[in-house]
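These are the residues of each chain, in order.
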Amino acid sequence: MTDYQGACALTPVRSRALFAVLAAVLLAFQFLSLLPGMPQFGAGGDALAVAPGNEHFERAWARTDKPVLDGVASRTWMWGLAANTGLVAEPYAGSPDGFRWVQYFDKSRMEITRPSGDPSSPWYVTNGLLVVELMTGRMQLGDALFASFAPAQENVAGDPDDGAGPTYATFGLLRDIPPHANGAPVVQRVDRAGNVTTDPSLTGHGVTAALRVTVPDLDHQVASPFLAFMRSQGAVYVDGAFVTDRLFLDDFYATGLPVTEAYWASVRIDGIARDVLIQCFERRCLTYAPGNEPAWQVEAGNVGQHYHVWRAANEPHGGASATPGSVATATPTATNTPAPGSTATFTPAATNTALPGSTATFTPAPTNTPTPTNTPINGPTNTPTNTPTNTATATATATATQPLGTTPDATQSACLGPIEAEFLALINEYRQQHGINTPLTVSVKLNRAAYNFAFDLGVRNYYPGHPLAHQTMSPYPSWLGGPGLKDRLQTQQYTGWTAAAENIAAGQSTAQLVFNAWKGSAGHNTNMLNANYTQIGIGYANVPGSSHTHYWATVFGNATDGAPTGCP
């Protein structure tokens, strides 16, 4: 297997191995960080909040959701409180080097497909036809490349364990049902099996078919509450200030075109069955709950969260077949603004050539040389040179740590070996060059957290994590405690911290090589130069016979844990 020389920064990243259908086996940089200025999980916290991964994603998120976060507006999140992953480099044929930058949120996924595009274009960042993929089971891996799986069985709305509510697979059965007449009341119910019935009692909600959208292969009405929301105005965040404007650039900028009619369904919300109106569009599903307070009656469903789970479960590992398909296009733009009840004719204004690109891109380099590849599964990258710059001389020799199948040695886990000590010197010198004059101190507990994870990645051979990057593979060893960084910190009883981060990498045989790799990746570099972190744990594991032999993890924190003692 070809080594990927990678770095990963921890911002609960949920990426996976690269797609076999693209006929490439590449290693990836990964990073996870709890970033200042966004909600962070602290000691005892339950969630890991992640900031948008670059300035373009930040701008897209801030327009609609910063006013909600800051209490300036009361309405549904369009992305979520924060991201659910760091930046993820997902395989996509047609993007540079076969990858594109994405980041997952509860409500959707942001994408940068073509870095060479115009960053000022509203289509530089898009949010993917995720609903179409979930409904059809056709995972898009390129403009005209798809892999086929079963449609998603996740509930579109309500409690995840509600066994009666409709799923994305349910709505996939409804795509070809003809549209309602203009202005007709929306009184149709759907059950989980896709059975549609008429319930005249729903007339009292006053929902009507408000806008018919007709384009090739698509003909559906938009329900009146959703059209009103799409055209609503309110506080948005633009160029550093809150202003009043339309929430969206046009009716279908955020949602895409309707792919079904709107249907009522009985779904459980916090264990209580309620009638909710659901309509699915190309990019999002919207819900209307008349019993909610007015500002929250229309909400965006958790499509990003659902898609991420579905993709992780179905991501091909060599057995799936990708087949050419029709070229997907970005959301068409209406040629006019028709009145409710009229028929709108749409002209596609943006094709995949206008899809987003990224200013920070990794260039996957499937080679066995110690060149840092720019294929982060979670972090932006620059374009590295073919020969690492030796600002320091690597003198430590990489030697095998422990035989496969053993647990981490307590001394080796707690103490820095020569190669790890060399990395400590490199990073502290680097931070000092950037004005951070207080060096990182070594924490014995962070050392254990870092080394144990690096060791497990090699011994059980699942870099960069399973089922998601930075996640421990089940069953969880007692010395890791659980799937995530938080579990590893808790297992080592590292307490009193308010910010933490993790970089991981595989394939680099020296401290200089992994330092160069992380330095060349924006996400990892941010972690290394974050002045909020005062302590570090460094773990290097040499595991002969594994896929990549060399495994690295660094864990950053800001508590006051002591240094290792009794080390050789």
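On a predicted model such as this, the values are computed, not experimentally measured, just so you know.

**Student:** When you look at the overall build of the protein chain in this model, what are you seeing that I'm missing?
**Tutor:** When you go through the protein chain residue by residue, the secondary structure sums to eleven helices and 24 strands. Within the span of the protein chain, comprising 568 residues, buried residues form 58% of the whole. Long-range pairs, those at least 24 residues apart, make up 67% of the contacts in the protein chain between residues at least 6 apart in sequence. Entry remark: accessible area of the protein chain is about 20,700 Å², with carbon and sulfur atoms responsible for 53%.

**Student:** Hey, could you run me through the side chain of R431 in this one?
**Tutor:** Looking at where R431 falls in the secondary structure, it is placed in helix α7 (residues 418-433). One buried charged residue, R431, forms no salt bridge at all, with the nearest opposite charge on E429 at 12 Å. Within the local environment of R431, its side chain forms a polar contact with the backbone oxygen of N530, the two atoms lying 3.1 Å apart. In contact with R431, not counting residues within four places along its chain, are I436, L440, N527, M528, L529, N530, A531 and Y533.

**Student:** Looking at this model, I keep getting lost on the nonpolar core. Mind explaining?
**Tutor:** Y168, F171, V222, F226, F252, L277 and C280 are the most contacted members of the largest nonpolar core, which totals 78 residues. With five residues, helix α2 (residues 130-136) is the single largest residue contributor to this core. Residues contacting C280, with those up to four places away along its chain left out, are V131, M135, V156, F171, P258, V259, T260 and C285. In this structure, A500, I504, W518 and A559 belong to the second largest nonpolar core, which totals 49 residues.

**Student:** Explanation requested: the packing of α7 against helix α10 (residues 511-519) in the structure shown.
**Tutor:** Relative orientation and spacing of two packed helices are given, respectively, by the angle between their axes and the distance between those axes. Axis separation between α7 and α10 bottoms out at 9 Å; the angle between their running directions is 40°. Considering their axes alone, α7 and α10 lie oblique with respect to each other. Along this stretch, α7 crosses α10, giving a crossing that reads as right-handed. Where α7 approaches α10, its residues I419, E422, F423, L426, I427 and Y430 are matched on the opposing element by A511, Q512, V514, F515, W518 and K519. Residue classes in the contact of α7 with α10 are distributed as nine nonpolar, one polar and two charged.

Reading the values: the criteria
- Residues numbered from 1 in each chain as written.
- Predicted model: local features only at pLDDT ≥ 70, side-chain atom pairs only at ≥ 80, totals over all residues.
- Heavy atoms only, no water.
- Helix = DSSP H or I, 4+ residues; strand = E, 2+ residues; numbered from the N terminus.
- Buried < 20%, exposed > 50% of the residue type's maximum accessible area, 1.4 Å probe, protein only.
- Contact = heavy atoms within 4.5 Å.
- Areas by Shrake-Rupley, 256 points an atom, 1.4 Å probe, with all protein chains shown as cover.
- Lys, Arg positive; Asp, Glu negative; His and termini not counted.
- Salt bridge = Lys/Arg side-chain N within 4 Å of Asp/Glu carboxyl O.
- Polar contact = N/O pair within 3.5 Å; in protein donor to acceptor, adjacent residues only side chain to side chain.
- Core = buried A, V, L, I, M, F, W, Y, C linked by side-chain atoms within 4.5 Å.
- Axes fitted to C-alpha atoms, helices over the stretch in contact; angles between N-to-C directions.
- Parallel < 35°, antiparallel > 145°, perpendicular 65-115°, else oblique.
- Left-handed = near helix turned anticlockwise from the far one by under 90°.
- Nonpolar A, V, L, I, M, F, W, Y, C, P; charged D, E, K, R; others polar.

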